[in-house]
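# Observations on chain architecture
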Amino acid sequence: MPGSYFESNSRSQGSSGPLVGTIPLRIAGGAVLLYLHTWHHAQSGWQYLWHQQAWELPAILAKAQFPYSSAMAIAATATAFSVTISWLLGFLTRLFSVLFIPVLLGAILAANRL
């Protein structure tokens, strides 16, 4: 559609317009996910796997009546860590975001069961 709003708006922003807003948003989202959720669970999961130390996430999942709580905790933490790295680097962000949906749905389900 010549002369439409979208055509004139895209010309005024130039080619770097969408990137200026996307890059800081992606990096901020990845940093928040890393700081608030992933880093603590990744460290605790590492200690659980290699040094047989206590980790609260499998116990929380077992209390929420999830089967294979240890395996699910490791898979959820690995997925969250992969999503964080993907968001921070900007590589395969859409793929990892789609893979993160079951983890988020599982967290919502666990929160509702507790």
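Refer to the structure presented above.
Residues numbered from 1 in each chain as written. Predicted model: local features only at pLDDT ≥ 70, side-chain atom pairs only at ≥ 80, totals over all residues. Heavy atoms only, no water.

### Some points on the side chain of Arg 26
Counting through the fold element by element, Arg 26 comes out in helix 2 (residues 17-51). For Arg 26, which is buried and forms no salt bridge, the nearest opposite charge comes from Glu 56, at a distance of 27 Å. In terms of polar contacts, Arg 26 uses its side chain to reach the backbone carbonyl oxygen of Leu 88, at 3.2 Å. What Arg 26 contacts, discounting residues up to four positions off in sequence, is Trp 87, Leu 88, Leu 89, Gly 90 and Thr 93. (Helix = DSSP H or I, 4+ residues; strand = E, 2+ residues; numbered from the N terminus. Buried < 20%, exposed > 50% of the residue type's maximum accessible area, 1.4 Å probe, protein only. Lys, Arg positive; Asp, Glu negative; His and termini not counted. Salt bridge = Lys/Arg side-chain N within 4 Å of Asp/Glu carboxyl O. Polar contact = N/O pair within 3.5 Å; in protein donor to acceptor, adjacent residues only side chain to side chain. Contact = heavy atoms within 4.5 Å.)

### A few points about unusual backbone geometry
A positive phi is found at Gln 52, a non-glycine position, where the angle reads about 50°. In this fold, Gln 52 is placed in the loop between helix 2 and helix 3 (56-63). By relative accessible area, Gln 52 is classed as exposed at 64%. With phi around 65°, Gln 65 is a residue other than glycine that occupies positive phi space. Mapped onto the fold, Gln 65 is located in the loop between helix 3 and helix 4 (69-89). By relative accessible area, which is 64% here, Gln 65 ends up exposed.

### Let's talk about the layout of surface pockets
Which parts of space are left empty comes out when a probe the size of a water molecule is rolled across the atoms. By volume, the largest pocket is sized at about 550 Å³. In this structure, the largest pocket is lined by 22 residues; those nearest its centre are Leu 57, Ala 76, Val 103, Gly 106 and Ala 107. Those elements that provide at least two residues to the lining of the largest pocket are helix 2, helix 3, helix 4 and helix 5 (93-113). With 8 residues, helix 5 is the largest single contributor of residues to the lining of the largest pocket. For the lining of the largest pocket, the per-class residue count stands at 17 nonpolar, 5 polar and no charged. Roughly 190 Å³ of volume is contained in the second largest pocket. Along its surface, the second largest pocket is lined by Trp 39, Ala 42, Gln 43, Gly 45, Trp 46, Leu 49, Trp 55, Ile 74, Thr 77, Ala 78 and Phe 81. Of all the secondary structure elements, the ones that give two or more residues to the lining of the second largest pocket are helix 2 and helix 4. Of the residues forming the lining of the second largest pocket, the biggest block, 6 residues, is contributed by helix 2. (1 Å grid on protein atoms, 1.4 Å probe; cavity = no way out; pocket = protein on both sides within 12 Å on 5 of 7 lines; lining within 4 Å. Points joined across faces, edges and corners; volume = space filled by probe spheres on them. Nonpolar A, V, L, I, M, F, W, Y, C, P; charged D, E, K, R; others polar.)

Read these as geometric descriptors, not functional statements.
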